[in-house]
Amino acid sequence: MKRLMLGNEAIARGAYEAGVSVVSSYPGTPSTEITEYAAKYNEIYTEWAPNEKVAAEVAIGASIAGARSMSCMKHVGMNVMADPLFTVSYTGVNGGLVFCVADDPGMHSSQNEQDSRHYAKASKTMMLEPSDSAECKYFVKKAYELSEKFDTPVIIRLSTRVSHSQSLVEEEERENYLLKDYTKNIPKYVMMPGMARKRHVVVEDRIRALTAFAEDCEFNKIEMNSSKIGIIASGISYMYAKEALGDKSSYLKLGMVYPLPEKLILDFASKVEKVYVIEELDPIFEQHCRALGIDVIGKEVFSLLGEYTSEMIKKSVLGEAASQKIELDEEIPVRPPVMCAGCPHRGTFYVLKKLNLTVSGDIGCYTLGAAAPLSSLDTTICMGASVSAALGMAKARGRDFNKKLVSVIGDSTFIHSGITGLIDIVYNKGSNTVIILDNSITGMTGHQENPTTGYTIKGEPTKQVNLITLCKSIGVDRVVIADPFNLKEFERVVKEETEADEPSVIIAQRPCALLKSVKYTGNCVINDKCKKCKVCMKLGCPAISWNGENIKIDATQCNGCGLCINVCPFGAIEKVGEK
Amino acid sequence: MNKSIMIVGVGGQGTLLASRILGNVAISEGYDVKVSEVHGMSQRGGSVVTYVKYGEKVFSPIIDEGEADIILAFELLEAYRALPYLKKGGKIIVNTQRISPMPVIIGDKKYPENIEEKIKEKVDAVFVDALKAAEEAGNIKAVNVVLIGVMAKNTDAAYEKWIEVLKQTVPAKFLEVNLKAFDLGYNMF
Ligand SMILES: Cc1ncc(C[n+]2csc(CCOP(=O)(O)OP(=O)(O)O)c2C)c(N)n1
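The rules behind these values
- Residues numbered from 1 in each chain as written.
- Chains lettered and ligands numbered in written order.
- Predicted model: local features only at pLDDT ≥ 70, side-chain atom pairs only at ≥ 80, totals over all residues.
- Heavy atoms only, no water.
- Contact = heavy atoms within 4.5 Å.
- Salt bridge = Lys/Arg side-chain N within 4 Å of Asp/Glu carboxyl O.
- Polar contact = N/O pair within 3.5 Å; in protein donor to acceptor, adjacent residues only side chain to side chain.
- Helix = DSSP H or I, 4+ residues; strand = E, 2+ residues; numbered from the N terminus.
- Nonpolar A, V, L, I, M, F, W, Y, C, P; charged D, E, K, R; others polar.
- Near = heavy atom within 4 Å.
- Areas by Shrake-Rupley, 256 points an atom, 1.4 Å probe, with all protein chains shown as cover.
- Domains from an automatic or database assignment.
- Buried < 20%, exposed > 50% of the residue type's maximum accessible area, 1.4 Å probe, protein only.
- Pairing = 2+ DSSP bridges.
- Axes fitted to C-alpha atoms, helices over the stretch in contact; angles between N-to-C directions.
- Parallel < 35°, antiparallel > 145°, perpendicular 65-115°, else oblique.
- Left-handed = near helix turned anticlockwise from the far one by under 90°.

A. Examining the interface of chain B and chain A more closely. Counting residues at the interface gives 54 residues for chain B and 54 residues for chain A. Here chain B and chain A share seven salt bridges between them. For Lys118(B), the salt bridge identified is with Glu330(A), shortest N-O distance 2.6 Å. Summed over the shared surface of chain B and chain A, the number is 19 residue pairs in polar contact (both at pLDDT 80 or more). Elements with a minimum of two residues in the side of chain B that touches chain A: helix 1 (15-28), strand 2 (32-36), strand 3 (47-55), helix 2 (76-82), strand 5 (86-95), helix 3 (102-105) and helix 4 (115-122) of chain B. Partitioned by chemical class, the residues of the side of chain B that touches chain A number 25 nonpolar, twelve polar and 17 charged.

Encoded structure:
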């Protein structure tokens, strides 16, 4: 029976059916659910690793040991695991090895919109790109066969719209995959120069073989309709094009996006009058076509930025006007995401703003600390950068600047890549203050366990990294725990630690308000002592608003966390309905 | 002809359940179906949009402006924002609940006035106080199911189909409340 499945669920199903037995990933939207769905199968050992590099290496080890394995990440996660990627391309695999990478054109929840297809080319590995959930499952299963056949890791490229759309998938049985034999093979798996030189020859031979395979594989398909227009596209762009143009054009659908075929593309181009290349982000197919001497239409009409739509394709290719639509005659206020009511990060940023500190920021829910009215974050680059970049700032501008500077980093992000920056601070005699925002979970990506939470992805209790002992063991002598909702005490601690002429860590500890274990009750209301000073509104709580005359707390939004009670100087907020 | 239904609201309002139920009803009617969601930051009070498309064969999971047959809006401002997506002759079902976005809360922007009238002027619209109906059903969290009920009346699928899918999708302990909420919505117009 067919059922609706997210692209990500279908990837996990494909891994299951292919007999995969090890999956290791680090979360990242829009890839996270693949690993969460994989964890539901008892037959698959699944884990959240501390970061993508570790995750990829666990998968590589499992492959070398003879299992079919997988590691999944968002596009920027591929930057983190690029080091092992480029060399596992040389060693090749034993059991099939698949990396799934999910791009985010339009940046629904990312800090950039890089195109991960470059990685397949740069690492000389095979890349497939499915267009819907049924293809997700099918391509993954095929990817394992091809990984073993061509002795290569295979990358499956996804995008937000493929990962997070549901379409129909037929479930099949799990293959009874037996571990491949493990035999010591130094020339294949020990990449020191003498052996790597020989493996590089193998890699170049493999790319030639894969290119030949691309010419007539089942993933690359020509659909002939009109000979006037031909479209070359892959992934979700292919679906947009089909929706827009239907039978009015012919198609070359590229399911294998690296290496690209040559004859097949030349053959298709010769059959149609005009060739359009429709690819979100970078002109990778387009440049390939141009190198083959084909005069295609690409980025001169289609943007390098953001997502495409069927409507824009219809307009650019057929010159057809868009559907009639209703115009609104006034500006509508945007609704950006905000820190939830009860979010522990709110207390931290309230204090940092009050103290007017420079805040070297990082990635997580707390990045929203840059939004008004808290507006307190100064920078966000990539995971971990809050700590190391603050050392750079302090070294550049000196002691006085450093006394008004802190780093903020979430618990998951600290383990991912903040700890190495902190070691740099200690080793190179920095005296930065790092605030670890410990909300007991990986919040941003939808509540994943991590090494500091004490549970595995399967919900089993495990050892918990102790942040205090960890920081002390690398040489940070000043480590304090403070509750960000105890505003006075938190402020005192921040002042004291930024004053100190040595490295310090403040662990801002309070769990995410959305965790089931957190039980705030009742809700806050304004009483008649209110002087309308609006101090409470500086918290940026979604439940508190000003209606032009009074401050109001929306009972459907408020969860009774009580932070506003702590900021009110007049005792004008109280809690009702507490259980 | 494919049908395109767009569901809009604020993160945390339960729009995903609505799109999943609708998707499953469409499958049981024998259609090809695509449902598109954007996850990730949606817990944090931002605008959320899901698309449900069904018919003989669906390619793109996305609905472009001017293409939605029905818009189901969980919040008034989000209804207004989504209007350009409505097809000529399409219908919008609007929950009259208001949730102020942050730019309004901090006084940077104003929550537009008389949205209901403005929507009515432009398109075929029904307005529902789903919060009140959910309360009547016994749980304010059932707002989404009330709205599904209203929408169900506007599709070709039979009442029994909806109930069947509802039974499969909603946890057993909430089923009674949800069936009540669905009926309140279904019989509202
Ligand atoms: C290299 C990389 N991997 C993954 C992500 C996706 N991502 C963004 S923030 C984050 C973790 C946030 O968790 P935490 O640091 O605990 O902060 P919280 O959101 O809980 O406040 C993840 C996984 C990313 N942006 N970059």
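Once the structure has been displayed, the description carries forward.
B. Structural view of the site of the ligand. Residue and element names in this part refer to chain A. Taken together, 26 residues are adjacent to the ligand, and Glu52, His345, Cys365, Thr413 and Gly443 come closest. Contact between the ligand and Cys365: an oxygen atom at 2.9 Å from a main-chain N or O atom of the residue. Backbone polar atom of Ile441 to an oxygen atom of the ligand: 3.1 Å apart, as the coordinates give it. Notes on the ligand: free accessible area 580 Å², of which the protein chains cover 98%. Taken together, the elements giving at least two residues each to the shell around the ligand come down to helix 4 (75-80) and helix 18 (411-427). The element contributing the most residues to the shell around the ligand is helix 18, with four residues. A domain-level breakdown of the shell around the ligand finds at least three residues from each of domain 1 (2-214) and domain 3 (345-509).

C. Here's a closer look at the pattern of salt bridges. Residues and elements named next belong to chain A. A complete count under the given rule lists 51 salt bridges over all chains for this structure. For Glu171, the salt bridge is made with Arg3, and the minimal N-O distance between the two is 2.7 Å. Note that Glu171 is positioned in the loop between strand 8 (165-170) and helix 9 (186-189) and Arg3 in strand 1 (residues 2-6), a separation of 168 residues in sequence. Assessed through its relative accessible area of 32%, Glu171 is described here as partly exposed. Exposure remark for Arg3: the relative accessible area of 29% places this residue in the partly exposed category. Put simply, Lys271 and Asp267 hold a salt bridge, and the shortest N to O gap is 3.4 Å. Residue Lys271 and its partner Asp267 are located together in helix 12 (residues 263-271), separated by four residues, close to a single helical turn.

D. Local environment of the sheet that holds strand 4 (residues 68-73) of chain B. Across the sheet, which stays open at both edges, the eight strands sit in the order 1(A)-8(A)-2(B)-3(B)-1(B)-4(B)-5(B)-6(B) with mixed pairing between neighbours. Taken across any chain shown, the strands that pair with only one partner, and hence form the sheet edges, are strand 1 of chain A together with strand 6 (124-128) of chain B. With direction set aside, neighbouring strand axes in the sheet form an average angle of 20°. With eight bridges joining them, strand 1 (residues 3-10) of chain B and strand 3 of chain B adopt antiparallel strand pairing. From the neighbouring strand, Met6(B) faces strand 3 of chain B, where its bridge partner is Tyr51(B). Contacting strand 1 and strand 8 of chain A, helix 1 (residues 7-17) of chain A runs over the sheet at an angle of about 110° to strand 1 of chain A.

E. Summary view of the side chain of Thr433(A). Residue and element names in this part refer to chain A. Take Thr433: it is sitting in strand 17 (residues 433-438). Thr433 sits in the buried class, given a relative accessible area of 2%. Polar contacts involving the side chain of Thr433 include one to the main-chain carbonyl oxygen of Glu497, which spans 3.1 Å. Contact partners of Thr433, with chain neighbours within four places excluded, come to Leu405, Val406, Ser407, Glu497, Thr498, Ser504 and Ile506.

F. Region of interest: the sheet that holds strand 19 (residues 504-509) of chain A. Residue and element names in this part refer to chain A. On the basis of which strands lie adjacent, the open sheet formed by five strands has the order 15-16-17-19-18 and parallel pairing. Lying at the two open borders of the sheet, with one neighbouring strand each, are strand 15 (358-360) and strand 18 (478-482). Ignoring which end each strand starts from, the neighbouring axes of this sheet average 25° apart. In this sheet, strand 19 lies alongside strand 18 in parallel orientation, the contact comprising five bridges. Bridging from a neighbouring strand, Ile481 pairs with Ile507 of strand 19.

G. The packing of helix 1 of chain A against helix 7 (residues 133-150) of chain A, seen in detail. Residue and element names in this part refer to chain A. Across the interface, helix 1 lies against helix 7 with an axial gap of 7 Å and an inter-helix angle of 30°. By the angle between their axes, helix 1 is roughly parallel relative to helix 7. Where helix 1 crosses over helix 7, the handedness of that crossing is right-handed. Taking contact as the criterion, the partners of Gly7, Ala10, Ile11, Arg13, Gly14, Ala15 and Glu17 in helix 1 are, on helix 7, Ser133, Cys136, Lys137, Val140 and Lys141. Broken down by class, the residue content of the contact of helix 1 with helix 7 amounts to five nonpolar, three polar and four charged.

H. Seen up close, the pairing of strand 10 (residues 229-233) of chain A. Residue and element names in this part refer to chain A. Most of strand 10 sits inside the fold, with five of its five residues counted as buried. Burial along strand 10 is two-sided: Ile229, Ile231 and Ala233 facing one way and Gly230 and Ile232 facing the other are all buried. Where strand 10 lies against strand 13 (residues 274-278), five bridges are found, and the strand directions are parallel. Bridge pairing links Gly230 to Val275 in strand 13. For strand 10 and strand 11 (residues 250-254), the ladder comprises four bridges, and the chain directions are parallel. Across the sheet, the residue bridging to Ala233 is Lys253, located in strand 11.

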